[in-house]
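Residue strings, one per chain:
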Amino acid sequence: MTLSLDFFRSSIGKKIIMAITGFIWFGFVILHMVGNLQVFQGPEKLNTYAKFLKDLGPLLWVARIGLIVAFFGHVCTAILLKFENSSARPVSYAKGSTIQASVASRTMAYSGLLLLTFLVYHLAHFTLGITNPEHYSFEYILKNGDVVHDVYAMVILGFQDPIISGTYIVFMVFLALHFSHALGSMFQTLGILAPKHNPAIQKASTGLGLIIFLGNCSMPISILLGYVR
């Protein structure tokens, strides 16, 4: 037990925690995006999907709690590693060592904090209906006769507001940057592939970050332009 605790208190242990929790959230972001893209298939499809999730009942809350634990575990571990790195090198290098670093790697801490802010806003907007309660009060009758919360109308009304859509798009920039660097770091930390594969891993990570950005931004942009309504 002591050996296990010492391992996870170590720098490599914390990096492994960050890699695992980051992978959990990456999987969720992909699944969440694929589910939300059903907005392009109309209200019946998206509202049926939303009902399916709601009908999971306790399982949905287990997943939510797991995601919350993973998220805060990721954030807290990142903060601890940042403090450890700062303590180990209290004096800055005479010449910056980040010249060759990518924008994504240099902004990891900032993008992480912004994503925490986005998560709170996203939950308040679409999950809890706090920020825009007028978008949260519609009902929809499915083809089978079930009366459900009209998630489709909520999404459309939300993204018809240029400020809301613009806010989401800006946050998606930081989400894509965060993932484009984090995925490569995860593979390196876990030692899944040899170092010679690092350039290919980084290219794949950048590509996945771009897919996340384009997929998530396609919804507010299409709604703003009137293609989806």
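Definitions and limits used
- Each chain carries its own residue numbering, running from 1 in the direction its sequence is written.
- The predicted origin of the model limits local features to residues at a pLDDT of at least 70 and limits the giving and counting of side-chain atom pairs to 80 or more, whereas totals for whole chains, interfaces and linings rest on all residues.
- The side-chain quantities take in all heavy atoms of the structure and omit both hydrogens and water.
- Secondary structure elements follow DSSP: runs of H or I of four or more residues count as helices, runs of E of two or more count as strands, with numbering from the N terminus.
- The buried label applies to any residue whose accessible area, calculated with a 1.4 Å probe on protein chains only, is under 20% of its type's maximum; exposed applies above 50%, and partly exposed to all values in between.
- Contacts were defined at the residue level, with two residues in contact if any of their heavy atoms lie within 4.5 Å.
- Here the open area of atoms and residues is found with the Shrake-Rupley method and a 1.4 Å probe, where only the protein chains shown may cover a residue.
- Among buried residues, those of type Ala, Val, Leu, Ile, Met, Phe, Trp, Tyr and Cys that are joined through side-chain atoms within 4.5 Å constitute a nonpolar core.
- Stacked, edge-to-face and tilted labels apply to pairs of Phe, Tyr and Trp rings (six-membered ring for Trp) whose centres lie within 6.5 Å, assigned for plane angles under 30 degrees, over 60, and everything in between, in that order.
- Multiplying 1.5 Å by the helix residue count minus one yields the expected span of that helix.
- Note: the arc covers the axis-to-C-beta directions of the helix.
- Each axis is a line fitted through C-alpha atoms, and for a helix only the stretch in contact is used; angles between axes span 0 to 180 degrees, taken between their N-to-C directions.
- In a left-handed crossing the near helix is turned counterclockwise from the far helix by less than a right angle, and in a right-handed crossing that turn is clockwise.
- Residues were grouped as follows: Ala, Val, Leu, Ile, Met, Phe, Trp, Tyr, Cys and Pro as nonpolar; Asp, Glu, Lys and Arg as charged; and all remaining residues, including Gly, as polar.
- For this analysis, a salt bridge means a side-chain nitrogen from Lys or Arg found within 4 Å of a carboxyl oxygen belonging to Asp or Glu.

Under an unreviewed UniProt entry, the name given to the chain is Succinate dehydrogenase cytochrome b subunit, and the organism recorded is Leptospira kanakyensis.

Student: For this particular structure, what's the right way to read the overall build of the chain?
Tutor: Summing up its helical and strand segments, the chain has nine helices and two strands in all. Looking at the chain as a whole, 34% of its 229 residues are labelled buried. A sequence separation of at least 24 residues applies to 71% of the contacts in the chain between residues at least 6 apart. For the chain, the exposed surface amounts to about 13900 Å²; the carbon and sulfur share of it is 71%.

Student: So what exactly am I meant to see when it comes to the side chain of Ser205 here?
Tutor: Looking at where Ser205 falls in the secondary structure, it is placed in helix α9 (residues 198-224). If sequence neighbours within four positions are ignored, Ser205 has contacts with Phe179, Ser180, Leu183 and Gly184.

Student: Teacher, can you tell me more about the nonpolar core here?
Tutor: For soluble globular proteins, the rule of thumb is that nonpolar side chains tend to be buried together. Counting residues in each nonpolar core, the largest one holds 34 residues, and the members touching the most others are Trp25, Val39, Val155, Phe159 and Leu175. Mapped onto this core, the elements with two or more residues apiece are α2 (11-36), α3 (43-54), α4 (58-88), α6 (108-127), α7 (151-159), α8 (162-190) and α9. Examining the composition of this core, we find that eight residues originate from one element, α8, more than from any other. Apart from the residues within four sequence positions on either side, Val155 is in contact with Val39, Leu46, Phe126 and Ile223.

Student: Would you explain the environment of Leu142 in this entry?
Tutor: Residue placement: Leu142 occurs in the loop between β1 (139-141) and β2 (147-149). For Leu142 and Pro43, which are 99 residues apart along the polypeptide, the C-alpha to C-alpha distance reads 8.9 Å. Setting aside its immediate chain neighbours within four residues, Leu142 contacts Glu44, Asn47, Thr48, Lys51 and Val148.

Student: Looking at this structure, I do not really get the packing of aromatic side chains. What am I missing?
Tutor: The geometry of an aromatic ring pair is captured by two quantities: the separation of the ring centres and the angle between the planes. What the rule picks out here adds up to 10 aromatic pairs. Note on Trp25 and Phe71: the rings are 5.2 Å apart at their centroids and 65° apart in plane angle, and the pair reads as edge-to-face. Taken as a pair, Trp25 in helix α2 and Phe71 in helix α4 lie far apart in primary sequence, 46 residues in all. Of the two residues examined, Trp25 and Phe71, each falls in the buried class. Ring plane angle 85° and centroid distance 5.3 Å describe the contact between Phe118 and Tyr168, whose orientation is recorded as edge-to-face.

Student: Any chance you could explain α3 here in plain terms?
Tutor: Three- or four-residue spacings in an α-helix give side chains the same orientation, since the helix completes a turn every 3.6 residues. Here α3 spans 16 Å end to end across 12 residues, near enough to the 16 Å set by a 1.5 Å rise per residue. Considered for burial, the residues of α3 that qualify are Leu46, Asn47 and Ala50. Taken end-on, α3 shows its buried residues confined to a sector of 95°, consistent with a single buried face. In this fold, the buried residues of α3 make contact with α2, β1, β2 and α7.

Student: Explain the packing of α2 against α9 here, please?
Tutor: Two numbers describe a pair of packed helices, the interaxial angle and the distance between the axes. Two elements in contact, α2 and α9, have axes separated by 10 Å at closest approach and are oriented at 35°. Pair α2 / α9 crosses with left-handed handedness. Counted together, Phe26, Val29, Ile30, Met33 and Asn36 of α2 and Leu208, Ile211, Ile212, Gly215, Asn216 and Met219 of α9 form the full contact between these two elements. Tallied by class, residues from the contact of α2 with α9 come to eight nonpolar, three polar and no charged.

Student: Would you take a moment to explain the pattern of salt bridges for this structure?
Tutor: As a working rule, side chains carrying opposite charge can pair if their charged atoms are close by. In the structure shown here, the tally under the stated rule is two salt bridges. When the shortest N-O distance is used, the salt bridge between Lys51 and Asp146 registers 3.5 Å. Pair noted here: Lys51 is in helix α3 and Asp146 is in the loop between β1 and β2, with a separation of 95 residues, a long-range link. Here Asp146 falls in the partly exposed class, since its relative accessible area comes to 28%. A cluster of three or more residues bridged by salt bridges with shared partners is formed by Lys51, Asp55 and Asp146.

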